[in-house]
Amino acid sequence: MATKLMLYNTLSRTKEVFRPINEQHVGMYVCGPTVYGDPHLGHTRPAITFDLLFRYLKALGYKVRYVRNITDVGHLEHDADEGEDKITKKARLEQLEPMEVAQYYTNRYHTFMDKLGVLPPSIEPHASGHIIEQVELVKRIFDAGYAYESNGSIYFDVTKYNESFHYGKLSGRNLDDVLVGTHEIDGQSDKRNSYDFALWKKAQPEHIMRWPSPWSDGFPGWHLECTAMSTKYLGEQFDIHGGGMDLMFPHHECEIAQSCAALGHDSARYWIHNNMITIGGQKMGKSLGNFITLEQLFTGTHDKLEQAYSPMTVRFFILQAHYRSTLDFSNEALKAAEKGYDRLMKAVEVLGKLKASESSTVDVADLRTRCEDAMNDDLSSPMVISALFDWVRIINSIADGKEQISSADLEELRRVVNLYVFDILGLRNERTEGADDKVAPLMDMILEIRRNAKANKDWPTADLIRNRLSEVGIRVKDNKDGSMDWEQI
Ligand code: ZN
């Protein structure tokens, strides 16, 4: 299948034409969440970015195997491979079984991703369910001579590796930069060099999550799971590896090192990274007081929030920026996104009611071409949205009788708008959500009665209908031409 899709590959630092290994199948691995806390704003951007890519690849006709992992073991408190496992710590503090913590937050993650219109991946492997594969991988790296044992733990020998490969090639660093950037934490370290990273950690006596291995009772290092699980489900070479920019170093750099050490070559051909969300120009962080969970975002219960923002407003807000640009979160920007999303959904509703004319004064192929070109240019969702907004104006002009559209063009316009708005951008119309199939015809009937009442100057009945509808959360809008619209508040 020949497509014109260009993707920015972090590895080559250029946009490349996407050519999968297999013509019809695409293998994609994305680093998923660590499930020791409630899903938050930081989870939205990678989830939505790779959902957009997943949806677009499928729309292009590829069969996509999308693997997104759940990190439920091995992610430590400190990035220097020391300290306590985050899930273990949470379990200890809350007196729960570690798997109870992991399951609870995994469920929460799924619920919120579903609200955001993020499709579930094809496979969602858990790190704790792949200990055997990880132990095997450590053995391979060890046998290849790129790891050493120290007090029951196994570390990756970065110096040795760097003699044959380039440690830092993804993030554009060399070993000296890495050395400067690695903080030696206090206390005893079993590592030869500060930049070496753990493949297997011997568990301290109080550590609950532990498995037997040839070296010690312990647990795998965080970077290991992604290499083990991507190899297991996508093979020794696969097409796309994605994740947030914050994972590029050290996590993805370590994944590349593990693949090269164990297999002799890279695994992923295209590395794709989404940029981060900032809040008022700052990184989000618990210590900064700007840590916003999705629950708080959707209910408006956080000091930084002036109101609640719906899941689709948040999705639309994220898609309005290119995934490689920074995106600053503010109430103003979210409110603007809310308006934009609402305008788009209203236009989709108008499109559904348009009547065809004999001929067209509009060029529907223009919308299709612009959307295709935008998506093929490294998934430019903002350009897709800009093309759609030009067509919001055109759709409204057709409704006003200023432009005409033939029935063939109208059918094509509905197809293209549905494809891009719902299938590819993954939006839903929250305005009509919760309304079952009978609500629209019932509303048509109620508004007809109200129109008749107004025509007969029966103002009490017209007002009664409006007020009663308002009480059940439906707002009636009177238009100048005597027609009425309604929406759920
Ligand atoms: Zn990963």
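None of these values were measured; they are calculated from a predicted model.

Let's shift gears to the coordination of the zinc ion. Only Cys31 (SG), Cys226 (SG) and His251 (NE2) from the protein coordinate the zinc ion, and they sit 2.0 to 2.1 Å from it. For the zinc ion, the donor residues sit on a single chain with the sequence spacing C-x194-C-x24-H. A residue pair is termed long-range when its members are at least 10 positions apart, and Cys226 in helix α7 (residues 222-234) and His251 in helix α8 (residues 248-263) qualify at 25 residues. Given a relative accessible area of 1%, Cys226 falls into the buried group. Here His251 falls in the buried class, since its relative accessible area comes to 1%.

A grouping of Leu442, Met445 and Ile449 is seen on the molecular surface, where their side chains present a nonpolar patch of about 280 Å² in accessible area. Looking at the secondary structure, you find Met445 in helix α15 (residues 439-455). The class for Met445 is partly exposed, based on a relative accessible area of 46%.

So, on to the sheet that holds strand β11 (residues 277-279). The strand order across the open sheet built from three strands is β12-β11-β13, with neighbouring strands paired in mixed fashion. This sheet does not close on itself; its edge strands, each paired only once, are β12 (282-283) and β13 (327-329). Bridge count between β11 and β13: three bridges; the pairing is parallel. Considered in β13, the bridge of Thr278 is made with Asp328.

For Leu119, the position within the fold is in the loop between α3 (98-115) and α4 (131-143). Distance from Leu119 to Gly426, taken between C-alpha atoms, is 8.7 Å for residues 307 residues apart in sequence. Excluding residues within four positions of it along the chain, Leu119 makes contact with Asp51, Phe54, Arg55, Lys58 and Arg68.

Glancing now at the sheet that holds strand β10 (residues 268-274). With parallel pairing, the four strands of this open sheet are ordered in space as β4-β3-β9-β10. The open sheet terminates on both sides in strands that have one partner only, identified here as β4 (63-68) and β10. Adjacent strand axes in the sheet meet at a mean angle of 20° when their direction is disregarded. Relative to β10, strand β9 (residues 238-244) is paired through six bridges, and the arrangement is parallel. Following the sheet pairing, His241 is matched in β10 by Trp271. Sitting on the sheet, α7 is in contact with β3 (25-30), β4 and β9, with an inclination near 165° to β3.

Helix length check: helix α1 (residues 41-59), at 19 residues, gives a terminal C-alpha distance of 27 Å against a target of 27 Å (1.5 Å per residue), a fit within 8%. Most of α1 is tucked away, with 16 of its 19 residues classed as buried. Among the residues trailing α1, Gly61 stands out with phi positive, at a value near 105°.

You can read the domains of the chain as domain 1 (22-274), domain 2 (279-424) and domain 3 (439-488). The C-alpha-based centres of domain 2 and domain 3 are spaced at 29 Å.

Here the focus is the side chain of Gln258. One can find Gln258 in helix α8. A distance of 2.7 Å separates a polar atom in the side chain of Gln258 from a polar atom in the side chain of Thr227. Setting aside residues up to four positions removed in sequence, Gln258 forms contacts with Ile141, Phe156, Phe197, Leu199, His223, Leu224 and Thr227.

So, about the nonpolar core. Counting 80 residues, the largest nonpolar core has Leu57, Ile240, Leu297, Phe329 and Leu427 as the members making the most contacts within it. Counting contributing residues per domain, this core is built from domain 1 (22-274) and domain 2 (279-424), each supplying no fewer than three. Sequence-distant contacts of Leu57, defined by excluding residues within four places in its chain, comprise Leu5, Phe18, Val26, Met28, Tyr62, Val64 and Ile240. By size, the runner-up hydrophobic cluster in this structure holds 55 residues, among which are Cys31, Phe156, Leu199 and Cys260.

The rules we used
Residues numbered from 1 in each chain as written. Predicted model: local features only at pLDDT ≥ 70, side-chain atom pairs only at ≥ 80, totals over all residues. Heavy atoms only, no water. Donors = N, O, S within 2.8 Å, 3.2 Å for Na, K, Ca; no water. Helix = DSSP H or I, 4+ residues; strand = E, 2+ residues; numbered from the N terminus. Buried < 20%, exposed > 50% of the residue type's maximum accessible area, 1.4 Å probe, protein only. Patch = residues over 30% accessible without salt bridge, like charges linked within 9 Å, V, L, I, M, F, W, Y side chains within 5 Å. Areas by Shrake-Rupley, 256 points an atom, 1.4 Å probe, with all protein chains shown as cover. Salt bridge = Lys/Arg side-chain N within 4 Å of Asp/Glu carboxyl O. Pairing = 2+ DSSP bridges. Contact = heavy atoms within 4.5 Å. Axes fitted to C-alpha atoms, helices over the stretch in contact; angles between N-to-C directions. Expected span 1.5 Å × (residues − 1). Domains from an automatic or database assignment. Polar contact = N/O pair within 3.5 Å; in protein donor to acceptor, adjacent residues only side chain to side chain. Core = buried A, V, L, I, M, F, W, Y, C linked by side-chain atoms within 4.5 Å.

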